[in-house]
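Breakdown of the fold
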Amino acid sequence: MPSFDPIASQTVRAAPHLEPGFVHADQVEAARRKLAAHRDGRKKRLNFLVLLMDDVGWGDFGCYGGGVAVGAPTPNFDKLARNGLQLTSCYSEPSCSPSRATLLTGRVPNRHGLHRPPMYGEPGGLQGEVTLPQLLSDAGYFTQAVGKWHVGENEASQAQNVGFDDFYGFLSVSDMYSEWRDPQFFPEIVYSAARTEWIKNMPFNRCFVHARKGGQAENVEEVTIPVLSLLDEKWCQYSEAFIERMAGEDQPWLLYHCTRGAHFDNYPHEKYLGQSPARHPYKDTMLELDAIMGRLVDSLRRTGQLEDTLILVSSDNGPHMETWPDSAFTPFRCAKGSTWEGGVRVPGLVMWPGVIEAGRQSDGLFDFNDILPTLLAMAGESARLPSDRYIDGIDQTSFLLADDGLSNRKYHYYWLVKNFSGLRCGEYKMMLTATSDDDSGSAGPGGFTGVLERFTYARLYNLYLDPKETHNYMTRKLAYVEAFQHGMRDHLGTFRRYPPKTVMGLDVSRAQQQKS
Ligand code: CA
């Protein structure tokens, strides 16, 4: 029997609303045995810690080739990789809110409708979606969100109204709280009383908040620049206290901890200011994020919960190159806002001591939309997966837990706002549309500054031979075309039965209609 190959192998679709996946029966059984062995004799089910960073690049951690090599050592992330599974093909969406909503719903942006981030109080977000915290909460979990939210500021889309028992953080994104206060970036606002008053009257909350399930968000503190530099410390303390408290509770838990860093503009905590070998704000912030990783793991160990907690670490998109040098490191082409690999290939570390074999590495495909069905399956609650909507995520339990686990995903689909941009299978990637990263009208080679290109003929890249996607290999590799067209037809065909949704498109007036 030939060895398994993702291009040459067939997937199985279990139901019309479920994404087709590979079934590796022996690995499914190995994972099942590991889960059963963990449950045996324990009162509490598995806990989940999802640590999501902002705009941190695929290459920033030492274990991905960055760390000391780019002036910001990351010993705690590297240790996590050595003690768990390091994914090299973990995919987010091209920017913050699309990625976060995909993580929380198991659906691609063209289904949950957040094609781009809401800004400065624009209404519209997660309301109406079925979320991972809601499903886990229904299953008896305590669900805690800490830090950046940015999947809807309107009340119905806030964390406490879409499944979280408790939320402590800010509703939007770092730069929105700071940029108009900084004379470096907005002197015309800082030095104008009229414009300062104008921006203060915009409909966004300038404070970070605390909210309990079903309740109103209460302001904790206004996010001035000095407060902003303390946010990751304050939020880490809140999560440490949460982990301590839950050690004594009967309920299993989900902690969704989203850092402020290292989104532009970074104003490092004084403890880290100038402490990185690079002595730049972004790199100093990476030191703090690494320390936070270490502190959360220490809290789990100290409270005896480390072996009962699956830790998943990632970043919500690639580096934002328009803000260089306040930006991350990726070895891939282009940046945040694009569907070139630099925009969407993110770090992915998974640790569960005693269950996931230490030191594993895999280039198998793993999507943010896989997180919902996978965590639900590990909690023993797959039956709660909604059947009234399409779920793009695939249960990757056997991939993550079996010692020789292979990805159950055949294709990764790239979406650029409302445009289907392309798909990857194995080491090959077909592109139909993309942002141009040689936009001469822009100083930064970034995804958000590029113009949309529709290729006359689809392009094909071999990501192993050509990770920077510069050599179109199509005319020499036509044998692959049918496999890619099949995956594309299958994916786009699902939108006929399950129509797409728009909450945040590029048409602002449409977003206004979603006001709750
Ligand atoms: Ca981001």
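Residues numbered from 1 in each chain as written. Predicted model: local features only at pLDDT ≥ 70, side-chain atom pairs only at ≥ 80, totals over all residues. Heavy atoms only, no water.

Topic: the nonpolar core
Formed by 106 residues in total, the largest nonpolar core has its most connected members in Phe48, Trp149, Tyr256, Ile311 and Val313. Core analysis: the second largest hydrophobic core is formed by 16 residues, Trp415, Phe420, Met430 and Phe495 among them. (Core = buried A, V, L, I, M, F, W, Y, C linked by side-chain atoms within 4.5 Å. Buried < 20%, exposed > 50% of the residue type's maximum accessible area, 1.4 Å probe, protein only.)

Overview of the pairing of strand S5 (residues 207-212)
Moving residue by residue along a regular strand, the side chains alternate between the two faces of the sheet. Across the 6 residues that make up S5, a large majority, 5, are buried. In the sheet, strand S4 (residues 166-169) pairs with S5 via 4 bridges, with the strands oriented antiparallel. In the sheet register, Asp166 faces S5, and the bridge partner there is Arg212. The sheet contact formed by S5 and strand S6 (residues 218-222) spans 4 bridges and is antiparallel. Bridging across to S6, His210 finds its partner in Glu218. Linking S5 to S6, which pair antiparallel, is a turn of 5 residues; within it Gly214 sits at a positive phi near 75 degrees. (Helix = DSSP H or I, 4+ residues; strand = E, 2+ residues; numbered from the N terminus. Pairing = 2+ DSSP bridges.)

What about unusual backbone geometry?
In the segment running from Gly261 into Ala262, the intervening peptide bond is cis, with an omega of 0 degrees. Take Ala262: it is sitting in the loop between strand S7 (253-258) and helix H11 (281-302). The omega angle of the peptide bond from Trp324 to Pro325 is 10 degrees, so this bond is cis rather than trans. Position of Pro325 among the secondary structure elements: in the loop between strand S8 (309-315) and helix H12 (341-344). A positive phi angle, close to 60 degrees, is found at His150, a residue other than glycine. In this structure, His150 sits in the loop between strand S3 (142-147) and S4. Its identity is not glycine, yet Cys334 carries a phi of approximately 65 degrees, on the positive side.

Quick notes on the pattern of salt bridges
Under the criterion given, the structure shown has 31 salt bridges. In this structure, Asp54 and Arg100 form a salt bridge, with 3.7 Å as the shortest nitrogen-oxygen distance. Separated by 46 residues along the polypeptide, Asp54 in the loop between strand S1 (47-53) and helix H2 (75-82) and Arg100 in helix H3 (residues 96-105) bring together distant segments of the chain. Residue classification places Arg100 among the buried residues on the basis of a relative accessible area of 0%. Linked through salt bridges whose partners overlap, the residues forming this network are Asp54, Arg100, Lys148 and Asp316. (Salt bridge = Lys/Arg side-chain N within 4 Å of Asp/Glu carboxyl O.)

Comments concerning H3
The buried fraction of H3 is high, at 10 of 10 residues. Every buried residue belonging to H3 is among Cys96, Ser97, Pro98, Ser99, Arg100, Ala101, Thr102, Leu103, Leu104 and Thr105, and all of these are buried. On its buried face, H3 sits against S1, helix H4 (109-112), helix H5 (132-138), S7 and helix H13 (371-378). Taken from the residues just after H3, Gly106 is the one with a positive phi, measuring 70 degrees. (Contact = heavy atoms within 4.5 Å.)

What about the coordination of the calcium ion?
Ideal geometry at a metal centre gives angles of 109.5 degrees when four donors are arranged tetrahedrally and 90 or 180 degrees when six donors are arranged octahedrally. Protein-derived ligands of the calcium ion are Asp54 (OD), Asp55 (OD), Cys96 (SG), Asp316 (OD), Asp316 (OD) and Asn317 (OD1), with the metal-ligand distances lying across 2.2 to 2.6 Å. Considering all 6 donor atoms around the calcium ion, the spread of angles at the metal, 53 to 158 degrees, places the coordination shape in the irregular class. Positions of the donor residues of the calcium ion, expressed as sequence spacing, correspond to D-D-x40-C-x219-D-N. In this pair, Asp55 sits in the loop between S1 and H2 while Asn317 sits in the loop between S8 and H12, placing the two residues 262 residues apart along the sequence. For the pair Asp55 and Asn317, one class covers both residues: buried. (Donors = N, O, S within 2.8 Å, 3.2 Å for Na, K, Ca; no water. Tetrahedral: all angles 85-135°; square planar, octahedral: opposite > 155°, others 65-115°.)

Some words on the domain arrangement of the protein chain
Here the domain parsing of the protein chain yields domain 1 (25-409) and domain 2 (415-515). Between the C-alpha centres of domain 1 and domain 2 the distance comes to 24 Å. Between domain 1 and domain 2, the residue contacts involve 41 residues of the former and 41 residues of the latter. When domain 1 packs against domain 2, the two sides together hide about 3,600 Å² of surface, and 55% of this comes from carbon and sulfur. Inspection of the domain 1/domain 2 interface yields 3 salt bridges. Between Asp363 and Arg424 there is a salt bridge, with its nearest N and O atoms 3.1 Å apart. On the surface where domain 1 and domain 2 come into contact, there are 20 residue pairs in polar contact (both at pLDDT 80 or more). Listed by contribution, the elements that provide at least two residues to the side of domain 1 that touches domain 2 are strand S2 (85-91) and H4. Here the element with the most residues in the side of domain 1 that touches domain 2 is H4; it accounts for 4 residues. Residue composition of the side of domain 1 that touches domain 2, grouped by class: 15 nonpolar, 13 polar and 13 charged. (Domains from an automatic or database assignment. Buried area = accessible area lost by both parts, 1.4 Å probe. Polar contact = N/O pair within 3.5 Å; in protein donor to acceptor, adjacent residues only side chain to side chain. Nonpolar A, V, L, I, M, F, W, Y, C, P; charged D, E, K, R; others polar.)

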